[in-house]
Amino acid sequence: MNLYEYMGKEIFRKNGIPVPDGYVIDSVSQLKPFKKPSVVKSQILLGGRGKSGGIKFARSDADLKAAATDLLGSKIRNLAVTKVLIEDMLNIKKELYVSIALSRADREPVLIASNSGGVEIEAVPQNEIFTKKIDPLLGYSDFIGREASAFMKLDPDIAKQFRSLLVNLYNVFVNEDCELVEINPLVITGEGNLIAADAKVIMDSDSFFRHKDIVITDPEKTPLELEAQGKGYAFVELDGKIGVIANGAGLTMATLDALTLHNGKPRNFLDLGGTDNVDIVVEAFDLVLKANPRAILVNIFGGVTKCDTVANGIVAAKNKFAIKKPMVVRLSGVHEEEGRQILKDNGIESYPTMMEAIERVVKVSEVQ
Amino acid sequence: MSVYVDENTKVIVQGITGHQGSFHAGEMIKFGTKVVAGISPGKGGTKFQDRVPIVNSVADAMSFSPDATMISVAAPFVKDAAYEAIDAGIGIVYILTEHVPFHDTMEIVHQARRKGITVMGPNGPGITIPGKCKIGIMPNQIFKDGDVAVASRSGTLTYEIVEAITRSGLGESAVIGLGGDPVVGLTFIDVLKKFNDDPKTNKIVLVGEIGGNNEELAAAYIKANIKKQVVAYITGRSAPPGKRMGHAGAIIEKGVGTAESKIKAFNEAGVKVADYPVDVPKLLR
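Since this is a predicted model, take the numbers as computed values, not measurements.

(A) Just the overall build of chain A, in detail. Within chain A, the secondary structure is distributed over 10 helices and 18 strands. Projecting the C-alpha coordinates of chain A onto the three principal axes gives extents of approximately 80 × 50 × 35 Å. Of all 368 residues assigned to chain A, the portion counted as buried reaches 44%. Put simply, 67% of the contacts in chain A that link residues at least 6 apart link residues at least 24 apart.

(B) Looking closely at unusual backbone geometry. Between Asn184(A) and Pro185(A) the backbone carries a cis peptide bond, its omega angle lying at 5°. Here Pro185(A) lies in strand β10 (residues 178-189). The omega torsion across Gly121(B) and Pro122(B) is 5°, close enough to zero to call that bond cis. In this structure, Pro122(B) sits in the loop between β7 (118-120) and β8 (126-129). Although it is not a glycine, Asn78(A) sits at a positive phi angle of roughly 75°. Among the secondary structure elements, Asn78(A) is positioned in the loop between β4 (75-76) and β5 (79-80). In this structure Asn78(A) comes out as exposed when scored by C-beta crowding, with 7 C-beta atoms within 10 Å. Phi at Asn123(B) is positive, roughly 60°, even though this residue is not glycine.

(C) Region of the structure containing the interface of chain B and chain A. Residue-level contacts link 44 residues of chain B with 39 residues of chain A. Looking at the side of chain B that touches chain A, the elements that each hand over two or more residues are α4 (102-114) and α5 (156-167) of chain B. A class-by-class count of the residues in the side of chain B that touches chain A yields 22 nonpolar, 15 polar and seven charged.

(D) Molecular detail of the sheet that holds strand β3 (residues 55-58) of chain A. Residue and element names in this part refer to chain A. Taking strand neighbours across the sheet as the criterion, the four strands line up as β1-β6-β2-β3 in an open arrangement whose pairing is antiparallel. The sheet is open, and its two borders are formed by β1 (22-25) and β3, each paired with just one other strand. Neighbour to neighbour, the strand axes of the sheet diverge by 20° on average, direction disregarded. Here strand β2 (residues 38-42) pairs with β3 via four bridges, running antiparallel. Among the inter-strand pairings, Ser-38 is bridged to a residue of β3, identified as Ala-58.

(E) Molecular detail of the environment of Ile25(A). All names here are of chain A. Structurally, Ile-25 is set in strand β1. Sequence separation between Ile-25 and Ile-86 is 61 residues, and the spatial gap between their C-alpha atoms is 7.9 Å. Once residues lying within four places of it in the same chain are set aside, the contact partners of Ile-25 are Gln-30, Leu-31, Ala-68, Lys-83, Val-84 and Ile-86.

(F) Seen up close, the pairing of strand β6 (residues 92-95) of chain B. Residues and elements named next belong to chain B. Here β6 shows a buried face lined by Ile-92 and Tyr-94 and a second buried face lined by Val-93 and Ile-95. Two elements, strand β5 (residues 68-71) and β6, share four bridges in a ladder whose sense is parallel. Counted as the bridge partner of Met-70 is Tyr-94 from β6. Of the crossover connections in this fold, the one passing from β5 over helix α3 (residues 78-88) to the parallel β6 is right-handed. For β6 and β7, the ladder comprises three bridges, and the chain directions are parallel. When the bridges of β7 are listed, Tyr-94 appears paired with Met-120. With α4 bridging β6 and the parallel β7, this β-α-β connection has right-handed handedness.

(G) Structural view of the sheet that holds β6(B). The seven strands lie next to each other as β3-β4-β2-β1-β5-β6-β7 (chain B), forming an open sheet whose pairing is mixed. In the strand order of this sheet, the two ends are held by β3 (47-48) and β7 of chain B, each with one partner.

(H) Structural context of the nonpolar core. The biggest cluster of nonpolar side chains holds 148 residues, and the ones touching the most others in it are Leu270(A), Ile71(B), Val93(B), Tyr94(B) and Ile161(B). Here Ile161(B) is in contact with Val150(B), Val205(B), Val207(B), Tyr233(B), Pro277(B) and Val280(B), once residues within four sequence places are set aside. Formed by 50 residues, the second largest nonpolar core is a distinct cluster that contains Val19(A), Ile134(A), Tyr170(A) and Val201(A).

(I) Representation of the packing of helix α6 (residues 249-261) of chain A against α5(B). As a packed pair, α6(A) and α5(B) sit with axes 5 Å apart at the nearest point and diverge in direction by 70°. Here α6(A) is positioned roughly perpendicular relative to α5(B), judged by the angle of their axes. Residues Gly250(A), Leu251(A) and Ala254(A) of α6(A) pack against Thr156(B), Leu157(B) and Glu160(B) of α5(B). Looking at the contact of α6(A) with α5(B) residue by residue, the classes come out as three nonpolar, two polar and one charged.

(J) Up close: the pairing of strand β13 (residues 229-235) of chain B. All names here are of chain B. Of all seven residues that make up β13, six are buried, and the element is covered over most of its length. Of the crossover connections in this fold, the one passing from strand β12 (residues 203-209) over helix α7 (residues 214-225) to the parallel β13 is right-handed. By the bridge criterion, three bridges tie β13 to strand β14 (residues 272-274) in an arrangement that is parallel. By the bridge assignment, Val-231 is partnered in β14 with Lys-272. Remark: the β13/helix α8 (residues 259-268)/β14 crossover connection has right-handed handedness.

(K) Main features of the domain arrangement of chain A. Split by domain assignment, chain A resolves into domain 1 (21-88), domain 2 (92-210) and domain 3 (223-367). For domain 2 of chain A and domain 3 of chain A, the distance between their C-alpha centres works out to 44 Å.

(L) Broad picture of the environment of Thr69(A). Along the chain, Thr69(A) falls in helix α2 (residues 61-71). In this structure the C-alpha to C-alpha distance between Thr69(A) and Val98(A), which are 29 residues apart in sequence, comes to 33 Å.

(M) Region of the structure containing the domain arrangement of chain B. All names here are of chain B. If you check the domain split of chain B, you get domain 1 (10-120) and domain 2 (138-283). Here the C-alpha centre of domain 2 lies 26 Å away from the C-alpha centre of domain 1. Those elements that place two or more of their residues in the side of domain 1 that touches domain 2 are α1 (19-31), α4 and β7. No other element matches α4, which puts five residues into the side of domain 1 that touches domain 2. Of the residues belonging to the side of domain 1 that touches domain 2, the class tally is eight nonpolar, two polar and two charged.

(N) Region of the structure containing α6(A). Residues and elements named next belong to chain A. When the terminal C-alpha atoms of α6 are compared, their 18 Å separation across 13 residues agrees well with the 18 Å that a helix rising 1.5 Å per residue should span. Buried residues dominate α6, accounting for 11 of its 13 residues. Among the residues of α6, those classed as buried are Ala-249, Gly-250, Leu-251, Thr-252, Met-253, Ala-254, Thr-255, Leu-256, Asp-257, Ala-258 and Leu-259.

The rules behind these values
Residues numbered from 1 in each chain as written. Chains lettered and ligands numbered in written order. Predicted model: local features only at pLDDT ≥ 70, side-chain atom pairs only at ≥ 80, totals over all residues. Helix = DSSP H or I, 4+ residues; strand = E, 2+ residues; numbered from the N terminus. Buried ≥ 20, exposed ≤ 12 C-beta atoms within 10 Å, placed from the backbone. Contact = placed C-beta atoms within 7 Å. Nonpolar A, V, L, I, M, F, W, Y, C, P; charged D, E, K, R; others polar. Pairing = 2+ DSSP bridges. Axes fitted to C-alpha atoms, helices over the stretch in contact; angles between N-to-C directions. Right-handed = clockwise from strand over helix to strand, strands pointing away. Core = buried A, V, L, I, M, F, W, Y, C linked by C-beta atoms within 7 Å. Parallel < 35°, antiparallel > 145°, perpendicular 65-115°, else oblique. Domains from an automatic or database assignment. Expected span 1.5 Å × (residues − 1).

Written out as structure tokens, the structure reads:
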């Protein structure tokens, strides 16, 4: 889960990583009187906010009010700005880059640092980027910071601050179960201090059982996706018209792909998971119906999930929600015959193969 | 030895009295797997299905000389269970559990590597050698003995493809699920090496998905090292960037992990990529 900048900075502050003084507001009435030149930053999850007009500078009280008024409630590249962060403007002498990220291929953290910050790291030439894999069992050690500082040609005093920052940054990465902690830019101020001007933190949502203190409303999820998450479903809203319920993430993705290759546009991704419970099927229909699709496709490969259970769930949902929309069901695997008989007795179309069901649902969704 | 396991592989189940653990242990026994003991702290001295001894700890299970363990405990307890198995020196540690924090998995994988232990999963369906051994949750009835080895990042989709292979008249020499998490024990390259060395395997199927670069690395490896025919299927072509598609690992981040990139890499390595799961057997010579 991506955290907003202000949430990331709160974590940084708690862990001894220097960040600018500031506060976050969701209404102009919460503005404090202007004291010194400030930066007003939209709290949205978008790379390159500045270029899109999401960051404004205030050199007077009037500036500050105008900036906060402009940004709060606006939309930047379709993302609603509901909070802004107001921070002291830094006296920037130089901008560095530093991050610790999961390297999936190596299955370990990797430290990335560069003397060239303030731009996307992808745009920095390879020979200006310091990269070091960290053995998770050994953890971070100061020799890594020495290597990085030497590579970056940091002045001794800045190097000292940088090495201490790396210790804290690695602690954040591990203790907060992060996928990514990124500071870009990491600013060297005119006063000779090292300060994290931005914070990008991605936490592993599977670790939330040990981070009960963290607000776990994922800012990137739609209300329906959040509702589904609360009920334990993997659910993604898409912009098509065919509602999809399948079992297993891979098979669900394959179903969306097959629909798309047949010029059918899926309305959602919903993985039923491994279940043998009628209610879980009914609840899944409730979610998909809320997305208001034109037609619904159910694609089940039965194993742990029994086809007759799913069929009973489909019939129960049809009755409970008085579903009039066309439904096409594919049932294959464990208890397939029983399942298809239940559907037939209740006037619901079913097919033994995925391709037949895909072709059929695309056809009926066009007619509607 | 076939791929990783065979008919002599002795298996223990950590969490054998849980809902999932007991169901799948029962299915594994029906398949013919040698389940020699189960672990359930506090329930030592009892039996599973009146035949498999239950003990309190992995240490207690070592008298049964296990070669592999299946871990089916809740996510917060997986790291401890895996460490217990690694400490005991069990050669294959398969983790069924979904939603294990990947920081835990990183540490498990690195501990295992130091001891030369193989980790399968987390969040994968396990391994099946038709007619010999099944560790995990794949449905028993979809397999037929044959010469096609399958490695996959997902569960149900694997069954869909295995069933298509079986229906086409071909059969499988080994089926392995790597797991749907961003950090898992095995890579496609690890299993390709095994498939390449396995005399029974003549054809290889890789089932990949969006997220990471496991497929791209595999494609380069195949081009340089594998003479056996390799066919692939990649799912997530229609997935929007930045969204996790059910699996924690199935996400396109900063343009990395797209289906296009994986399909392109396979095509360049001479690996045919099926448009639909059902087309996989059609591409196998």
